[in-house]
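# Inside the fold
Next come the chains, spelled out residue by residue.
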Amino acid sequence: MELSEDDLALIQVLQASPRLGWADAAKVLDVHATTLAARWDRLTSHGAAWVTAHLAGDPKQMLLAYVAVDCEMNRRDSVTAQLAAVPEIVTVEEAASNRDLMLTVITRSLEEFSEKVVSQLKTIEGLTKYQVALCTRLHSSGDDWRLNVLSRSQLATLRTLAPQASQESGLAAGQLPQSHLDLLPFLSRDGRATAADIARALGRHPATVQRQLNRVLASGILSFRCEIAQRYSSFPVTCQWFVNVPAGQHEAAAAGIRTISNVRLSASTTGPTNFVIIMWLHTLADVMSAELALQQKVPGIEIVESAVMLRTVKRVGWMLKEDTTASGAVVHAGNLGAAD
């Protein structure tokens, strides 16, 4: 499968507004709504692109952790598969560094992280060591990354159509009733799922589900993103940096890093280093260029370690094939936030 410029333009529209209606998307791209819907069906059926919803991981509401894992080489495949099957471990990547696997974990609390994740890490045969860095501030994530193929006029039109997020201040996952949390698995599998779609699956009245969906969307516990298989993005290389930023300069550092278009994630953390950055790059040669850009954008930054990812096994809940396309399998923490 090859992606055309029209395909990439549609993906960027949905990156900016994952739940935008086809009629509005048609105004941006000047293509008939039914054509866009058919194009999207083609992309999703091949696993080239998909829209998902995942727990936002805002440290003010929940716990976001990055876990480095070492394992016995002859059991690496088994360890990887077992880790990917844990719902709270939302992303699993194989790394070319002194750590074998990199995990991203989202749980409701530090206590739940210990109970549901750490306890399982200790039981996996072949897993020899793990090291945890806790996110204290999430500055930017994959939701913010763009393909940058739309024209200025298209972007201007899109800004007028994309709905503005309105969040219920400080609402945590645990404050939503179970009837609302029941919607999360459906939105994980299809971030564009409508209230009617979900109502049919749950056997509820569409109007009831629409009210529940509106509250879930307003709560801010979910982030919606349009993903693209990395092989089609023109940025096939993933590199993660562990760095130190001077105390009191994290916000300024984050602002500077945001101006680098390749950045997929930047976050302040605990651990041996206090900041993590992830970029998608064109080639391995761009690693040095990216490090130069970081040094120029962030005065005083100390780059401690870089790690290139060999393979992404799972990305925010979605299991990926070797060629980076979506397999269609989604392992999500559907009941996260439900009262125990």
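Here the structure is a predicted model, which is why all the values come from computation and not from measurement. (Residues numbered from 1 in each chain as written. Predicted model: local features only at pLDDT ≥ 70, side-chain atom pairs only at ≥ 80, totals over all residues. Heavy atoms only, no water.)

## A few points about helix 11 (residues 250-258)
Those residues of helix 11 not exposed but buried are H250, A253, A254, G256 and I257. Taken down its axis, helix 11 places every buried residue within 165° of arc, on the same side. Its buried side turned inward, helix 11 meets strand 5 (127-140), strand 8 (263-269), strand 9 (275-281) and helix 12 (286-297). (Buried < 20%, exposed > 50% of the residue type's maximum accessible area, 1.4 Å probe, protein only. Helix = DSSP H or I, 4+ residues; strand = E, 2+ residues; numbered from the N terminus. Arc of directions from axis to C-beta. Contact = heavy atoms within 4.5 Å.)

## Focus on the packing of aromatic side chains
Here the distance between the centres and the angle between the planes together describe a pair of aromatic rings. Under the criterion given, the structure shown has three aromatic pairs. Relative to W318, the ring of W50 lies with its centre 5.5 Å away and its plane at 25°, an arrangement referred to as stacked. Of this pair, W50 sits in strand 1 (residues 49-55) while W318 is found in strand 11 (residues 318-320), placing the two residues 268 residues apart along the sequence. Taken individually, W50 and W318 each receive the classification buried, so the pair is uniform in this respect. For the pair W145 and F235, a centre-to-centre distance of 5.8 Å together with 85° between the ring planes defines the contact as edge-to-face. In this pair, W145 sits in the loop between strand 5 and helix 6 (152-161) while F235 sits in the loop between strand 6 (222-228) and strand 7 (237-244), placing the two residues 90 residues apart along the sequence. Residue classification places W145 among the buried positions, given a relative accessible area of 2%. Residue classification places F235 among the buried residues on the basis of a relative accessible area of 15%. (Phe/Tyr/Trp six-rings, centres within 6.5 Å; stacked < 30°, edge-to-face > 60°.)

## Quick look at the nonpolar core
I11, W40 and I228 are the most contacted members of the largest nonpolar core, which has 35 residues in total. Secondary-structure elements contributing two or more residues to this core are helix 1 (5-16), helix 2 (22-29), helix 3 (33-45), strand 1, strand 6, strand 11 and strand 12 (326-330). A total of six residues in this core trace back to one element, the largest contributor, which is helix 1. Discounting residues that sit within four places of it in the chain, W40 has contacts with L10, I11, L14, W22, A49, W50, V51, R192 and C226. (Core = buried A, V, L, I, M, F, W, Y, C linked by side-chain atoms within 4.5 Å.)

## Points about the packing of helix 2 against helix 6
Axis separation between helix 2 and helix 6 bottoms out at 8 Å; the angle between their running directions is 155°. In terms of orientation, helix 2 and helix 6 fall into the roughly antiparallel class. Note on packing geometry: the crossing formed by helix 2 with helix 6 is right-handed. Only Q154, T157, L158 and L161 of helix 6 make contact with helix 2, whose side of the interface consists of D24, K27, V28 and L29. Within the contact of helix 2 with helix 6, the residues separate by chemical class into four nonpolar, two polar and two charged. (Axes fitted to C-alpha atoms, helices over the stretch in contact; angles between N-to-C directions. Parallel < 35°, antiparallel > 145°, perpendicular 65-115°, else oblique. Left-handed = near helix turned anticlockwise from the far one by under 90°. Nonpolar A, V, L, I, M, F, W, Y, C, P; charged D, E, K, R; others polar.)

## Re the pattern of salt bridges
What the rule picks out here adds up to 18 salt bridges. Across the pair R311 and E94 runs a salt bridge whose closest N-O atoms are separated by 3.0 Å. In this pair, R311 sits in strand 10 (residues 302-315) while E94 sits in strand 3 (residues 89-96), placing the two residues 217 residues apart along the sequence. Classification of E94 as buried rests on a relative accessible area of 10%. Among the salt bridges present, the one from E227 reaches R225, with a minimum N-O distance of 2.7 Å. For the residue pair E227 and R225, the accessibility class agrees, reading buried in each case. One network of salt bridges, in which partners are shared, links D143, R225, E227, R264 and R315. (Salt bridge = Lys/Arg side-chain N within 4 Å of Asp/Glu carboxyl O.)

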